[in-house]
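# Summary of the model geometry
If you want the building blocks of each chain, they are given just below.
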Amino acid sequence: MKNKAILQICSTCNSAAVKQNPERLETESPEGEKLLCAVQAAVEADPGMEGKLSIQAVRCMSSCKRSCVAALLAKDKYQFVVGELDSSAERVYDLVAFAKSYVEAEDGLPQWRERPQHIRKNTIARLHPFPSELSNDS
Ligand code: FES
């Protein structure tokens, strides 16, 4: 199997949800944590994704104004940072669909038209593959 991909989700993102309801912080877990749980459940329910994607909770990725934020990365592949996510069924579907096409793409660069529209419009960064001369195992 090709290298496993990692989907990092900022579990501390909350600004978009707070904008909609300023009282929210007092009573609810961060929107990023909800997104993380929803994506984990969606990936676990998809037998085609078994063993292909590891999901990690991370803290702030310095893109709070574009929250919720997630990043996709894998060895020898492009890396993406995506924002404007939330735990709604639509956004969870978009993120998981993008992660699937990322896993399938040899270089981690899914065709533009294969990317969900929300992902196309809210990609914060596309980073080039990590330089092999800086890798521990090369
Ligand atoms: S808290 Fe999520 S990017 Fe800053």
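Residues numbered from 1 in each chain as written. Predicted model: local features only at pLDDT ≥ 70, side-chain atom pairs only at ≥ 80, totals over all residues.

## Remarks on the environment of threonine 12
Take threonine 12: it is sitting in the loop between β1 (5-10) and α1 (15-20). Sequence spacing of threonine 12 and glutamate 31 is 19 residues, and the spatial spacing of their C-alpha atoms is 7.6 Å. Threonine 12 has contacts with Pro30, Gly32, Arg59 and Cys60, leaving out every residue within four places of it along the chain. (Helix = DSSP H or I, 4+ residues; strand = E, 2+ residues; numbered from the N terminus. Contact = placed C-beta atoms within 7 Å.)

## With respect to the packing of helix α3 (residues 31-44) against helix α4 (residues 89-104)
In the contact formed by α3 and α4, the axes pass within 10 Å of each other and the chain directions differ by 55°. By the angle between their directions, the pair α3 and α4 is classed as oblique. In the crossing of α3 with α4, the sense of the turn from one axis to the other is right-handed. Residues Ala38, Val39, Ala42 and Val43 of α3 form the contact with α4, whose participating residues are Val92, Leu95 and Val96. Across the contact of α3 with α4, the residue classes break down as seven nonpolar, no polar and no charged. (Axes fitted to C-alpha atoms, helices over the stretch in contact; angles between N-to-C directions. Parallel < 35°, antiparallel > 145°, perpendicular 65-115°, else oblique. Left-handed = near helix turned anticlockwise from the far one by under 90°. Nonpolar A, V, L, I, M, F, W, Y, C, P; charged D, E, K, R; others polar.)

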